[in-house]
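So the chains spell out like this:
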Amino acid sequence: GEVLRRVWDRMRGREQNTRTIRLGYVDPETTVRQSEEVDLDDFISRTAKRARVYSGFMARMGAGWSKVESQSEESLLDFASREITELEATARRVGSIDTYMKSEVERETRHRLLTMEDEREAIRDAVSCSRKRLSTYVAKRDEIEQLKKLGITPTS
């Protein structure tokens, strides 16, 4: 619905007020300070959509879950890797947005702001757990393949 509304507004010549902000962060791999521009409304809507999809996965129902069930093992591994990478970027952006919002508010009112640190840590914990499970699964799968090559029937 959001995309159609934007297209419709553009066709009618309405100027769209986007809330684009420049976020700074330190790249964990290179330790170099970088920045990116983020459309805040788009980021919020994409994150909310992703949360709904994950909620469907957790409940094991919905279109997303049925699509996941029908995928091959390799495509599921690719999907999981992409989602983990995207979640890492989301956690980074949430932290940067938190810092940005604090810097934009007057000093007297900063104490009234709610921090997004808990959400960011929850995302980081989920990513860490997912990475561990993914690597454990890949290692176990590789071990089974090696045993099969050696002619040994793997147990469990």
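In case you missed it, the structure is sitting above this.
Okay, so let's go over this structure. (Residues numbered from 1 in each chain as written. Predicted model: local features only at pLDDT ≥ 70, side-chain atom pairs only at ≥ 80, totals over all residues. Heavy atoms only, no water.)

## Some words on the environment of Ala80
Right, on to step 1. Structurally, the position occupied by Ala80 is in helix H4 (residues 73-104).
Right, on to step 2. Judged by its relative accessible area of 23%, Ala80 is partly exposed.
Right, on to step 3. Residues Ala80 and Arg120, 40 residues apart in the sequence, show an inter-C-alpha distance of 19 Å. (Helix = DSSP H or I, 4+ residues; strand = E, 2+ residues; numbered from the N terminus. Buried < 20%, exposed > 50% of the residue type's maximum accessible area, 1.4 Å probe, protein only.)

## Details of the packing of aromatic side chains
Right, on to step 1. Scanning the model with the defined rule gives two aromatic pairs in all.
Right, on to step 2. Seen from their ring centres, Tyr54 and Phe57 are 6.3 Å apart, and the 45 degrees between their planes marks the pair as tilted. With Tyr54 and Phe57 both in helix H2 (residues 40-59), this residue pair falls three residues apart, about one helical turn.
Right, on to step 3. For Tyr54, a relative accessible area of 23% corresponds to the partly exposed category.
Right, on to step 4. Assessed through its relative accessible area of 18%, Phe57 is described here as buried.
Right, on to step 5. Ring pairing ties together the aromatic residues Tyr54, Phe57 and Phe79, which thus form one cluster.
Right, on to step 6. Over the ring of Tyr25 we find Arg92, and its NZ or CZ is 4.0 Å from the ring centre. (Phe/Tyr/Trp six-rings, centres within 6.5 Å; stacked < 30°, edge-to-face > 60°. Lys NZ or Arg CZ within 6 Å of the ring centre and 35° of its normal.)

Honestly, that's just the spatial picture; any functional story needs more than this.
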